[in-house]
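Here are the chains, one letter per residue:
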Amino acid sequence: MVKIQAQGKTIECDRGSNLRQVLMKEGIPVYNDKATILNCRGLGTCGTCAVEIEGEVSEPSWREKSRLSLPPHSPTSNRRLSCQTKVLGDIKVTKHDGFWGQGSETVWTSQG
């Protein structure tokens, strides 16, 4: 089992679990504002579930790299799509503002 720290919670999950699915199951919002309704439901095409991650996770897939290379995202932004990320070790997650989670202001951190 590995641990995810997000929005002040510590969640245990199996190694290799999908980050978006784990966070949503625990009631932790991966979307901002209207992106809660307008999203691709985990297909990796919209980019609205972007989060900042500290810790061991899977390498970005071609789909994730492609989406994060398009505006408003940037390949240098240090964001990952939670729907495309597998948790491989203990991690800390931070959600930023903006429709796509691309903003510079923090919405929530691993601490709350």
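Now for a look at the structure at hand. (Residues numbered from 1 in each chain as written. Predicted model: local features only at pLDDT ≥ 70, side-chain atom pairs only at ≥ 80, totals over all residues. Heavy atoms only, no water.)

For strand β1 (residues 2-6) and strand β6 (residues 86-96), the ladder comprises two bridges, and the chain directions are parallel. By the bridge assignment, Gln5 is partnered in β6 with Lys92. Bridging between strand β4 (residues 50-57) and β6 involves five bridges; their strand directions are antiparallel. Across the sheet, the residue bridging to Val57 is Val87, located in β6. As paired elements, β6 and strand β7 (residues 106-108) share two bridges and run antiparallel to each other. From the neighbouring strand, His96 faces β7, where its bridge partner is Thr106. (Pairing = 2+ DSSP bridges. Helix = DSSP H or I, 4+ residues; strand = E, 2+ residues; numbered from the N terminus.)

Bringing the nonpolar core into the picture now. Grouped together as the largest cluster of nonpolar side chains are 24 residues, with contacts concentrated most on Ile4, Ala6, Leu19, Leu23, Val87, Ile91 and Val93. Tallying contributions element by element places β4 first for this core, with four residues. With residues near it in sequence (within four places) discarded, Leu23 still touches Ile4, Ala6, Ile11, Ile28, Val30 and Val93. (Core = buried A, V, L, I, M, F, W, Y, C linked by side-chain atoms within 4.5 Å. Buried < 20%, exposed > 50% of the residue type's maximum accessible area, 1.4 Å probe, protein only. Contact = heavy atoms within 4.5 Å.)

Once that is clear, we can look at the packing of aromatic side chains. One pair of aromatic rings is described through two measures. These are the centre distance and the angle between the planes. Applying the stated criterion across every chain yields a total of one aromatic pair. Taken together, a centroid distance of 4.8 Å and an interplanar angle of 75° make the contact between Phe99 and Trp100 edge-to-face. You can call Phe99 partly exposed: its relative accessible area is 27%. Given the relative accessible area of 28%, Trp100 is considered partly exposed. (Phe/Tyr/Trp six-rings, centres within 6.5 Å; stacked < 30°, edge-to-face > 60°.)

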